[in-house]
Amino acid sequence: MQQTTSISKRIATLFHNIKGIYKKDSSAIQVEGQKEFQEYVDYLLERGMRINNLRMAQFKTRNNLPYLGLQTIEKIESDSILVSVPRELMLTTKIAYFSEIQEIFDAYPQFFSQHCAGGWQDRILLTYILYQSQLGKQSQWYHLISNLPRDIDYLIFWSDEELKLLNDEKLVLKAKKELQDFLLIQKTLTHILDQFPQHFKKETYSYENIKWIFIHLVSRCFGSTLEQVAFVPFCEMFNHENTDVRYKGLYLENNINKPKDDKESDTNESDESDGDSDSYEQEDYQYPIEIQEQIKNYKQKTPTYKLIEQELNLYQNQVDFQDPEAIQKLRVYQEKCNNRIDLQIQYLKNKRWFQENLNLRDNFTIIFVSKTLEYIQEQIKLYENDTLSYDQVSEIIQNVTQNSELYLENAKQYALQKLKVKNYQLKQFEIPEQSQAIETVEEMLEVSIPENVKPFEAKADWKEDQFDNFVIKCSSKDEFEKGAQAYFSYGTISNRSLLLRYGFTLEYNIYDYVEVKSQYIYHIPFASDIAEYFQLSKYMKFKIRYTRINDDLLMYFKMLNWQYDQGISYLFDDIYDSAIINQAYNLIKTYHSEHFKETLKIQTEKLTDPNINYHDYFALIYQIEKQRIIEAQLEALQMLKCKIEKKEYGDQQFEWSSYLVERFKN
C-alpha cells in the first residue's frame, strides 16, 4: 500500500509517541495554594476569559528538574478551544503608548519610534510595564505583572562556562552580541528615565527589574502576526511542543469586521530560516591566499581579446607589404585573429548572461558557471590549434547559450519543487552588509529621524486587530488525554532559536537542524572573480534535518563531478550514483568526527543525571539533537547507497531514517 502521509508528518507522529505527547503524565503534580495565581485566574474569568479543563501543574524533566505548565483535567477533544481571552484583556503597544507616560515616548523618538528603533514596541511595553509595576494593586495590570516569575532567563544571560557546553561558536557569538544589545537598551532606558523622576522611582528601573521585564517581552509576548505586540493574559502559561495547537483570532457572529470567508484567522508564526541564514560572518568572505592571488592576477591581466588585438598589430608591423605571399599570410592571420576575438567576446557575453540571469547564491550554480566557462575556453583552444573550425566552435557556443537557458528553467523548477521557492530570485545582487553597530547611549540618542515622517501615528491611525477573542485551539490532529500536559506550538522553531528566544531546547525537535559546510571556492577557477565581485561566501552551507536527505548537498557533489558533455538533464534527473553519496557521507562524517567525542547512548544517559542544572540539561539536549540528526542522516545516506546498489542494509539504528530514502529512484 502506497504511503499517502508525508514523511514529515510520519516522523512527527513517531516523535510524539516517543515523547508521550498527548498522553497522561503520571509524574505531574497539581499545584495548589498559589493565592496570587488563583486571584489572577478569577480576575480574568470574571472578565470573560474561558479555560477548558486546564489547571496549573508541576512537571519534571528527565532528570527530575521541576517546571510549571498546564495539565488537562478531562480529555480534550480535537478542534477544541483550550483558552479564549477577550481582546480587551490584552496589553498592547497602543495601550502602553497612549498612557499617562506618553510624554516619555514623545520626548525620545530615537529610542521609541518605529522609524528609528528595531524592537520599538518592546521598548514602549518595557517602559510602561515598569511604570505599572510600581503602582502595585492600583495598576489595572497588577495581576498580570505580579504573576510574571522572576526566576527565568534565556541564552544571552548564561555564563561563559555554560555557553561553552553548547560547543557552537556561532551561536555563542550571537548570544553575546544580543547581550550587548540588551545592555545598551538597559543603559539607554536608565538614562531616559532619569529625566522623569515625576513618573519613576529610581528603584523601579533597576538593572534587575529591566532584565526581568525584558525577558518576558522576548519570551512570552505574542505579536509577529498581530497588529501590535501584546501580552495575552494566562496564555503565557503554555509550554511549547511541536503540536498543531495554534493561536487564532476568533470573530463572533455579530462582529461587523468578520471576514466573509472567516475560518478564524491563524496568526501563528513560522520560522524555517531562524533569522540567520543571510547573516554576515566575516570569516566566510575571507578567501584563501591562493584564491586571492588568482583573482588579483585575473584582474590585472589584459582581457584575452585585447591581447589578440595586440598580437595582430605586432604581426602587421612586421609584414613586408611588397611580398604578395606575406600579404596572403597576413589575411589568413587576420581572419584567424578576428575569429578568436569574436569567440572571446561570445565567451564574455555568456559570462555576463550568467551573472544577470542565474542565482549565484544557491548551493551549486556558481560551480555550473565555472564549468561552463571552462568548457567554452576548451572549445576555443580547439579552434586555435585547428582541431575545430570557427563555425563549429561558434555553433558549440550557441548551444551553450541554449543549454544555459535550459539550466535556468530546470533551476527554477528545482527551487520550486525541492526548496518550495515560488519566485526565482537573483540573490547575488543582495550584497551582504555588516550592520553598523550602535555601541553607546549617545549614539543611540543621536539617531536621526526622517524629516518627512511623524515619529508616532495619531491614535486613530494605529492598526488594531478586529477579532473578538484571542484563542488557543487544537487542530483536528490534537487530542489530549486526561492528565496530559497541554502544549501550544510557538512555531516551527529549531533548538538554536528556542535557546535564543526562550532559553530551552526540545528532544526530538523535528524542526531542528545542523549546518554543515564545504569550502567550494577551490572548485571554481573560471568563476572565482565572479564570486569575489558579488561577495559570495567561500562556503556552501547545508542544513541537515530530521525530515529529509539534503537535496542541495547531493546536488552540490553531483555538480562537482559533472562533465559538461553529460548535459543539463543529467543534473536534474534526481538520480545519484554511489560516488556522489559517498562524498556527501564523508562530508557529514567529518563533521561528526570533529564535533562528537562520545556515543549517542552515553550522551543520552546523562539526561537522567540529577546533578545537572537547567542550563546544563538544555545544553546537553542541544548537543544530543545535533548528534542524533547527523547520525540519522549518515544512516539514511548508507541506506540510499544500498538501495541504488540493490543491496540489503541490515539493522536500523533510527526507525525514521528509512523514510528519507523512499522518494529516491533505484
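Residues numbered from 1 in each chain as written. Predicted model: local features only at pLDDT ≥ 70, side-chain atom pairs only at ≥ 80, totals over all residues. Heavy atoms only, no water.

Please explain the sheet that holds strand β3 (residues 54-60) as it appears in this structure.
Pairing between sheet strands relies on hydrogen bonds along the backbone, with the strands arranged either parallel or antiparallel. The strand order across the open sheet formed by three strands is β1-β3-β4, and the pairing between neighbours is antiparallel. The open sheet is flanked by β1 (29-30) and β4 (66-72), the only strands paired with a single partner. Of the strand pairs in this sheet, β3 and β4 are connected by seven bridges, and their pairing is antiparallel. Bridge pairing in β4 places K60 opposite P66. (Pairing = 2+ DSSP bridges. Helix = DSSP H or I, 4+ residues; strand = E, 2+ residues; numbered from the N terminus.)

I would appreciate a short explanation of the pairing of β3 in the present structure.
Look at any regular strand and the pattern is simple: side chains alternate between the two faces of the sheet. Bridge analysis of β1 against β3 gives two bridges, and the strand direction is antiparallel. In the sheet register, Q30 faces β3, and the bridge partner there is A57. Count of turn residues in the β3/β4 antiparallel hairpin: five residues, of which N64 carries a positive phi of about 75°.

What is the right way to read the side chain of R628 from this model?
Relative to the helices and strands, R628 resides in helix α23 (residues 614-644). Every residue in contact with R628, bar those within four places of it in the chain, is listed here: E507, Y508, Y546, L600, T604, F654 and W656. (Contact = heavy atoms within 4.5 Å.)

Please clarify how helix α6 (residues 120-133) should be interpreted in this entry.
Owing to its 3.6 residues per turn, the α-helix brings residues three or four apart onto one side. The terminal C-alpha atoms of α6 lie 20 Å apart, and with 14 residues this matches the ideal 20 Å at 1.5 Å per residue to within 8%. Among the 14 residues that make up α6, twelve are buried, leaving the element largely enclosed by the rest of the structure. Within α6, burial applies to W120, Q121, R123, I124, L125, L126, T127, Y128, I129, L130, Y131 and Q132. (Expected span 1.5 Å × (residues − 1). Buried < 20%, exposed > 50% of the residue type's maximum accessible area, 1.4 Å probe, protein only.)

Explanation requested: the packing of helix α13 (residues 324-357) against helix α14 (residues 365-384) in the structure shown.
To describe two helices that pack against each other, one gives the angle between their axes and the distance between the axes. The contact between α13 and α14 brings their axes to 11 Å, and the two run at 175°. Considering their axes alone, α13 and α14 lie roughly antiparallel with respect to each other. Together, E335, K336, N339, R340, L343, Q344, Y347, N350, K351 and F354 of α13 and F368, V369, T372, L373, I376, Q377, I380, Y383 and E384 of α14 make up the contact between the two elements. A class-by-class count of the residues in the contact of α13 with α14 yields nine nonpolar, five polar and five charged. (Axes fitted to C-alpha atoms, helices over the stretch in contact; angles between N-to-C directions. Parallel < 35°, antiparallel > 145°, perpendicular 65-115°, else oblique. Nonpolar A, V, L, I, M, F, W, Y, C, P; charged D, E, K, R; others polar.)

Quick question: what am I supposed to make of the packing of α6 against helix α10 (residues 207-220) here?
In the contact formed by α6 and α10, the axes pass within 10 Å of each other and the chain directions differ by 130°. One element, α6, and the other, α10, form an angle in the oblique class. Classified by chirality, the crossing of α10 by α6 is right-handed. Mapping the contact onto sequence places D122, L125, L126, I129 and L130 in α6 and N209, I210, I213, F214 and L217 in α10. Taken together, the residues of the contact of α6 with α10 sort by class into eight nonpolar, one polar and one charged. (Left-handed = near helix turned anticlockwise from the far one by under 90°.)

Hey, could you run me through unusual backbone geometry in this one?
The phi torsion of most residues other than glycine is negative, and most of the peptide bonds are trans. The backbone of Q535 shows a phi angle near 55°, a positive value even though the residue is not glycine. Note that Q535 resides in the loop between α18 (528-533) and β14 (539-545).

How should the environment of Y205 be read in this particular structure?
Looking at where Y205 falls in the secondary structure, it is placed in the loop between α9 (169-194) and α10. A C-alpha to C-alpha distance of 33 Å links Y205 and S489, two positions 284 residues apart in sequence. Once you skip the residues sitting within four places of it in the chain, Y205 turns out to touch L130, T190, L193, D194, F200 and I210. A polar atom in the side chain of Y205 sits 2.6 Å from the side chain of D194. (Polar contact = N/O pair within 3.5 Å; in protein donor to acceptor, adjacent residues only side chain to side chain.)

Even after reading the chapter, I still don't get the nonpolar core, so can you show me in this structure?
Note on soluble globular proteins: their nonpolar side chains tend to be buried together. Formed by 196 residues in total, the largest nonpolar core has its most connected members in F112, I366, F368, Y407, F470 and W656. Looking at this core, the element that brings in the most residues is α23, giving 15 residues. In contact with W656, other than residues within four places in its own chain, are I11, L14, F15, Y508, Y546, R628 and A632. (Core = buried A, V, L, I, M, F, W, Y, C linked by side-chain atoms within 4.5 Å.)

Looking at this structure, I do not really get a negative patch on the surface. What am I missing?
On the surface, a cluster of negative charge is made up of E439, E442, E443 and E446. Topologically, E446 is positioned in the loop between α16 (441-445) and β11 (469-473). (Patch = residues over 30% accessible without salt bridge, like charges linked within 9 Å, V, L, I, M, F, W, Y side chains within 5 Å. Areas by Shrake-Rupley, 256 points an atom, 1.4 Å probe, with all protein chains shown as cover. Salt bridge = Lys/Arg side-chain N within 4 Å of Asp/Glu carboxyl O. Lys, Arg positive; Asp, Glu negative; His and termini not counted. Charge placed at Lys NZ, Arg CZ, Asp CG, Glu CD.)

It is not clear to me how the pattern of salt bridges should be interpreted in this structure. Could you clarify?
Between side chains of opposite charge, pairing is possible as soon as their charged atoms come close. Summed over all chains, the structure comprises 35 salt bridges. Between K538 and E283 there is a salt bridge whose closest N-O contact spans 3.1 Å. With K538 in the loop between α18 and β14 and E283 in the loop between β10 (265-266) and α11 (289-300), this pair connects stretches of sequence that are 255 residues apart. Put simply, R62, E507, E625 and R628 are held in one network by salt bridges that share partners.

Looking at this structure, I do not really get the side chain of S528. What am I missing?
With respect to the helices and strands, S528 occurs in helix α18. Taking the relative accessible area as the measure of exposure, S528 reaches 3% and is therefore buried. Setting aside residues no more than four positions away along its own chain, S528 makes contact with Y287, I291, Q294 and I295.

Help me out: how do you make sense of the confidence of the model for the protein chain in this one?
Low pLDDT means the predicted coordinates in that region are not meant to be read closely. Mean pLDDT for the protein chain: 92, with 95% of residues reaching 70 or above. Across residues 269-273, where pLDDT falls below 50, the model places 15 contacts with residues more than four positions away in sequence or in other chains. (pLDDT = per-residue confidence, 0-100.)

Mind showing me how you'd approach the environment of I7 here?
Tracing the backbone through its elements, the reader meets I7 in helix α1 (residues 7-19). Beyond its immediate sequence surroundings of up to four residues, I7 is in contact with T547, Y659 and L660.

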